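# Examining the three-dimensional arrangement
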Amino acid sequence: MTVTTGHERLVDIARGARLHVVETVAASKAGHIGGPLSAMDLLVALYFEQMRIDPSDPRRPDRDRFVLSKGHSAIALYVVLALRGYFPIEELVTFDHGDSRLQGHPDMLLTPGVDVSTGSLGQGLSAAAGIALGAQRLERDFHTWVMLGDGELEEGMVWETVLSAPRFALDNLTAIVDLNGLQQYGWPASSGDRFDRSEPLGHVDLAAVFSGFGWEVRVIDGHDYGEILAAYEWAERRRGVAGTPSAIIARTTKGQGISFTAGTYKWHNGVATDEQLAVARAELRDRDQAEAAR
Ligand SMILES: Cc1ncc(C[n+]2csc(CCOP(=O)(O)OP(=O)(O)O)c2C)c(N)n1
Ligand SMILES: [Mg+2]
């Protein structure tokens, strides 16, 4: 992970948050790992630095909205919401239980801080554009942020909104693409190894595509807080003046932060064994110490 000096607090929060993800999924014996870990720095920066929110009043009318279109990464959002004070951290252990407020995919009717229910990939950008359009028409002063997965971009409905959002001049809408280069499975490889699932969009110049549709685009390292926060500030500055939506294409590593989950589709979802949990704890609690011991 790239660490920009001055952002140690966010790095620390994200380190603890990543550990919560792996431990929570292990406790509930099912869940996603790779997508939540690739998105974590982007989420921590959003919730701890960028968004205008009030955890004590989750439905405040002028709050910034966030839509996790890649809803299978719910555990990352729940951990960040809990750390930010929307509900007790102790509640995380109920993740994915039938009677929990923290379902496997985000439910806006159950979880404080969740603005839109997601999980069926491809729909969140449209929902976010609807919120942004409503805000524009009613002259409401807030920003709508939405995060998509790169595999998710294969869903056709995404492109209806990529096409239409500039036509509605939604400069109060920012799409963040978690470009981790992996999805759950992916394209069958030409080599015949059906388990090479890399680069769902490796052949596509995404920045050029979004920009061709009329979006203003920034490409960043999604694990560098300096770059992340600068891109968020850029998008916020465009709100209300630019006349076109913003897209932040964040290059990330799936499973970022833990040696055995980083960069492999095999940890798209999965439950860590006790031994793996010990490794994750060592690496995330004290990276330097872990590296020295290796
Ligand atoms: C419409 C729909 N089809 C399939 C799935 C199953 N599914 C869940 S995650 C996933 C892969 C998503 O890949 P990507 O968007 O790249 O997410 P990330 O790499 O961030 O986990 C799939 C196919 C789904 N949730 N919704
Ligand atoms: Mg992906």
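Data block above holds the structure.
Below, the structure is looked at part by part.

What counts and how
- Residues numbered from 1 in each chain as written.
- Chains lettered and ligands numbered in written order.
- Predicted model: local features only at pLDDT ≥ 70, side-chain atom pairs only at ≥ 80, totals over all residues.
- Heavy atoms only, no water.
- Pairing = 2+ DSSP bridges.
- Helix = DSSP H or I, 4+ residues; strand = E, 2+ residues; numbered from the N terminus.
- Right-handed = clockwise from strand over helix to strand, strands pointing away.
- Donors = N, O, S within 2.8 Å, 3.2 Å for Na, K, Ca; no water.
- Buried < 20%, exposed > 50% of the residue type's maximum accessible area, 1.4 Å probe, protein only.
- Salt bridge = Lys/Arg side-chain N within 4 Å of Asp/Glu carboxyl O.
- Axes fitted to C-alpha atoms, helices over the stretch in contact; angles between N-to-C directions.
- Parallel < 35°, antiparallel > 145°, perpendicular 65-115°, else oblique.
- Left-handed = near helix turned anticlockwise from the far one by under 90°.
- Contact = heavy atoms within 4.5 Å.

### Quick notes on the pairing of strand 4 (residues 216-221)
Every regular strand shows the same layout, with side chains that alternate between the two sheet faces. The pairing of strand 4 with strand 5 (residues 246-251) spans 6 bridges and is classified as parallel. Paired with Arg218 across the strands is Ile248, a residue of strand 5. With respect to chirality, the unit in which strand 4 leads through helix 7 (residues 225-238) into the neighbouring parallel strand 5 is right-handed.

### Examining the coordination of the magnesium ion (ligand 2)
Within the protein, the magnesium ion (ligand 2) binds to Asp150 (OD), Asn180 (OD1) and Leu182 (O); these donor distances fall in the range 2.1 to 2.2 Å. Site description for the magnesium ion (ligand 2): donor spacing in sequence, D-x29-N-x1-L. Of the two residues, Asp150 sits in the loop between strand 2 (144-149) and helix 5 (156-167) while Asn180 sits in the loop between strand 3 (173-179) and helix 6 (206-213), which places them 30 residues apart along the sequence. The class of Asp150 is buried, set by a relative accessible area of 2%. Look at Asn180 and you get buried, because its relative accessible area is 10%.

### Some remarks on the pattern of salt bridges
Taken as a whole and assessed by the stated rule, the structure comprises 11 salt bridges. We note a salt bridge from Glu91 to Arg101, for which the minimum N-O separation is 2.8 Å. Taken together, the residues Glu91 in the loop between helix 3 (74-84) and helix 4 (124-137) and Arg101 in the loop between helix 3 and helix 4 connect sequence positions 10 residues apart. On the accessibility criterion, Glu91 (16% relative accessible area) is buried. For Arg101, a relative accessible area of 33% corresponds to the partly exposed category. Here the salt bridges share partners, and the residues they tie into one network are Arg52, Asp141, Glu236 and Arg239.

### Some words on the packing of helix 1 (residues 8-28) against helix 3
Remark: helix 1 packs on helix 3, axes separated minimally by 9 Å, with the N-to-C direction vectors making an angle of 125°. Compared by their axis directions, helix 1 and helix 3 come out oblique. In the packing of helix 1 onto helix 3, the handedness of the crossing is right-handed. Between helix 1 and helix 3, the contacting residues are Ile13, Ala17, His20, Val21, Thr24 and Val25 on the first element and Ile75, Ala76, Val79 and Leu83 on the second.

### Regarding the environment of Arg218
Position of Arg218 relative to the elements: it lies in strand 4. With 10 residues separating them along the chain, Arg218 and Ile228 place their C-alpha atoms 9.9 Å apart. Once residues lying within four places of it in the same chain are set aside, the contact partners of Arg218 are Ala230, Trp234, Ala247, Ile248 and Ile249.

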